[in-house]
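So the chains spell out like this:
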Amino acid sequence: MDTGTSVRVSRRDAPEAWHTYADADVPVVTQWDDGAHTGPGPGRLSTSSASMPSVVARMLRDLAVRPDGRVLEIGTGTGWNAALLSHRLGAANVVSVEIDPAVADAARARLAAFGFPVEVVTGDGLLGHPAGAPYDRVIVTAGVRRLPYAWVRQTRPGGRVVAPWGTRFSNVDCVADLAVAADGRGASGTFTGTVEFMKIRSQRHRIDQAAYLPAGFPGDAVTSTTGLTATELGLADRLRHPFAAVAGLLLDGCTLLTDRRGTALSAWLYGLTDQSWAATVLHDDSPESTVYQSGPRRLWDELTAAYGRWTAWGRPGPTRFGLTVTETATATWFDDPANVLRVSRP
């Protein structure tokens with residue numbers, strides 16, 4: 001977890017090491033590159049896993065299932081989370097949706113072999129599973145950037161939807177704990193903490209740097225300086241730093257990419273609706289760095305303003321922010337649903 005690297009462990013060749021990792025509080029990658037990767041080493045993109053056990057426990061706590069309640073799980077993976085729910089509720093009360101046929105088949109067989117014959121549906125989890133609705137709870141095990149109203153529609157009034165939700169600012173997700181309204185029209189709730197999940201496949205995105213800098217760096221950039229450090233911005237520990245967790249709620253329409261090399265951290269901001277970009281290299285041992293910015297927006301200035309706004313609010317963590325989802329819009333807010341930060345529409 002600290003190095004961000006993966007090592008291959010074979011149950012057949014190294015059973016003791018395999019069991020050590022299986023029992024450890026770390027995520028275990030079980031598929032690379034949507035199943036296209038071959039060979040013993042890691043691939044380019046991890047695309048299925050057994051989630052970190054402490055994260056699984058936190059989200060199941062948030063889900064707060066009740067005896068005999070029906071649960072829809074989005075993202076079956078290995079089937080472990082579905083097995084835990086089945087142990088509590090009975091397999092007949094759990095439905096799990098998995099988009100990858102090979103992953104779904106393996107999980108279905110594994111669950112049946114252990115006495116948990118959960119209904120594993122091969123399909124697009126963004127659609128939920130209306131045939132089994134209504135559900136008392138919906139739990140999502142993949143990061144989403146747009147939370148589909150189908151999950152709310154398929155949940156009973158008073159039920160809950162627990163999902164890792166985030167913006168395109170970074171890979172950080174906030175766990176949204178949403179209560180469905182008594183009339184069934186919408187769901188709202190706060191964030192309970194930060195996680196980082198593999199993203200729903202249709203909501204992944206990549207940045208083509210060449211499109212932003214066709215003539216190479218620095219192009220027509222203007223320069224300035226910044227006194228903000230990687231530590232202050234949380235770029236060195238985004239899952240634990242409160243500003244890094246909520247920056248995407250305060251800074252609209254851009255993506256942050258970083259790269260750490262020794263004591264230096266390069267940070268790039270890219271606009272999502274135009275070709276604006278900003279870049280700087282933040283040094284651990286230097287109080288000031290040069291900033292390069294280009295395009296209609298001055299993205300580093302916007303980040304600095306967002307940091308100032310957050311500081312003025314008392315440096316709040318993600319639990320003071322929340323999400324409201326209706327059929328026509330998704331709103332983020334601070335402290336109270338009436339204090340709306342941003343509204344997006346399908």
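What counts as what
Residues numbered from 1 in each chain as written. Predicted model: local features only at pLDDT ≥ 70, side-chain atom pairs only at ≥ 80, totals over all residues. Heavy atoms only, no water. Helix = DSSP H or I, 4+ residues; strand = E, 2+ residues; numbered from the N terminus. Rg over C-alpha atoms; globule rule 2.2 N^0.38 Å. Contact = heavy atoms within 4.5 Å. Areas by Shrake-Rupley, 256 points an atom, 1.4 Å probe, with all protein chains shown as cover. Lys, Arg positive; Asp, Glu negative; His and termini not counted. Charge placed at Lys NZ, Arg CZ, Asp CG, Glu CD. 1 Å grid on protein atoms, 1.4 Å probe; cavity = no way out; pocket = protein on both sides within 12 Å on 5 of 7 lines; lining within 4 Å. Points joined across faces, edges and corners; volume = space filled by probe spheres on them. Nonpolar A, V, L, I, M, F, W, Y, C, P; charged D, E, K, R; others polar. Buried < 20%, exposed > 50% of the residue type's maximum accessible area, 1.4 Å probe, protein only. Pairing = 2+ DSSP bridges. Axes fitted to C-alpha atoms, helices over the stretch in contact; angles between N-to-C directions.

A closer look at the overall build of the protein
Part 1 of the argument: Assigned secondary structure in the protein consists of nine helices and 17 strands.
Part 2 of the argument: For 346 residues, the compact-globule estimate of 2.2 N^0.38 gives 20 Å, and the C-alpha radius of gyration of the protein, at 21 Å, lies within 12% of that figure.
Part 3 of the argument: Taken along its principal axes, the extent of the C-alpha atoms in the protein is 60 × 55 × 35 Å.
Part 4 of the argument: In the protein, of all internal contacts separated by at least 6 residues, the share reaching a separation of at least 24 is 54%.
Part 5 of the argument: If you sum the accessible surface of the protein, you get close to 17000 Å²; carbon and sulfur atoms cover 53% of it.
Part 6 of the argument: Both charge centroids of the protein, one from 34 positive and one from 35 negative side chains, sit 4 Å from each other.

Some details on empty space enclosed by the protein
Part 1 of the argument: Scanning the model with the defined rule gives two cavities of 30 Å³ or more in all.
Part 2 of the argument: The computed volume of the largest cavity comes to approximately 90 Å³.
Part 3 of the argument: Every residue lining the largest cavity is counted, 13 residues in all, and those nearest its centre are Gly 166, Thr 167, Val 172, Ala 245 and Gly 248.
Part 4 of the argument: At six residues, helix α8 (residues 242-250) tops the list of elements feeding residues into the lining of the largest cavity.
Part 5 of the argument: A class-by-class count of the residues in the lining of the largest cavity yields nine nonpolar, four polar and no charged.

Focus on the pairing of strand β3 (residues 71-74)
Part 1 of the argument: The two faces of β3 match: Val 71 and Glu 73 on one face and Leu 72 and Ile 74 on the other face are all buried.
Part 2 of the argument: Note: β3 against strand β4 (residues 94-98), four bridges, orientation parallel. Residue pairing for β4: Val 71 is matched across the bridge by Val 94.
Part 3 of the argument: Note: β3 against strand β6 (residues 135-140), four bridges, orientation parallel. Within β6, the residue paired with Leu 72 across the bridge is Val 138.

What about the sheet that holds strand β10 (residues 222-226)?
Part 1 of the argument: Spatial ordering of the open sheet is given by β10-β14-β13-β12-β11, a layout of five strands whose pairing is antiparallel. Looking at strand neighbours, the two that pair on one side only are β10 and β11 (254-261), the edges of this open sheet. Averaged over all pairs of adjacent strands, the angle between their axes in this sheet comes to 20 degrees, without regard to strand direction.
Part 2 of the argument: Pairing of β11 with strand β12 (residues 264-271), which is carried by eight bridges, proceeds in the antiparallel orientation. Across the sheet, the residue bridging to Cys 254 is Gly 271, located in β12.

Some thoughts on the environment of Ala 106
Part 1 of the argument: In this fold, Ala 106 is placed in helix α4 (residues 101-113).
Part 2 of the argument: Distance from Ala 106 to Ile 74, taken between C-alpha atoms, is 16 Å for residues 32 residues apart in sequence.

Section: the environment of Leu 45
Part 1 of the argument: Mapped onto the elements, Leu 45 comes out in the loop between β1 (28-32) and β2 (46-50).
Part 2 of the argument: Residue class for Leu 45 comes out partly exposed when judged on its relative accessible area of 40%.
Part 3 of the argument: Between the alpha carbons of Leu 45 and Gln 31 there is a distance of 8.8 Å; along the sequence they are 14 residues apart.
Part 4 of the argument: For Leu 45, the residues in contact, after removing those within four places along its chain, are Gln 31, Trp 32, Asp 33 and Arg 204.

Observations concerning the layout of surface pockets
Part 1 of the argument: Of the volumes computed, that of the second largest pocket is approximately 740 Å³.
Part 2 of the argument: Lining the second largest pocket are 33 residues, and of these Arg 145, Arg 146, Trp 165, Ser 344 and Arg 345 lie nearest its centre.
Part 3 of the argument: Breaking the lining of the second largest pocket down by element, the ones donating at least two residues are α8, β16 (330-334) and β17 (340-344).
Part 4 of the argument: Of the residues in the lining of the second largest pocket, the class split is 15 nonpolar, 11 polar and seven charged.

Observations regarding α8
Part 1 of the argument: For α8, the tally of buried residues reaches eight of nine residues, placing the bulk of the element in the interior.
Part 2 of the argument: Where α8 is concerned, the buried positions are Phe 243, Ala 244, Ala 245, Val 246, Ala 247, Gly 248, Leu 249 and Leu 250.

Observations concerning the pairing of strand β8 (residues 173-180)
Part 1 of the argument: The element β8 is largely enclosed, with a buried count of seven among its eight residues.
Part 2 of the argument: Relative to β8, strand β7 (residues 155-165) runs antiparallel, the two being bridged by six bridges. In the sheet register, Pro 164 faces β8, and the bridge partner there is Val 175.
Part 3 of the argument: Hairpin connection of β8 to strand β9 (residues 187-195): six residues between the antiparallel strands, including Gly 184 at a positive phi of 75 degrees.

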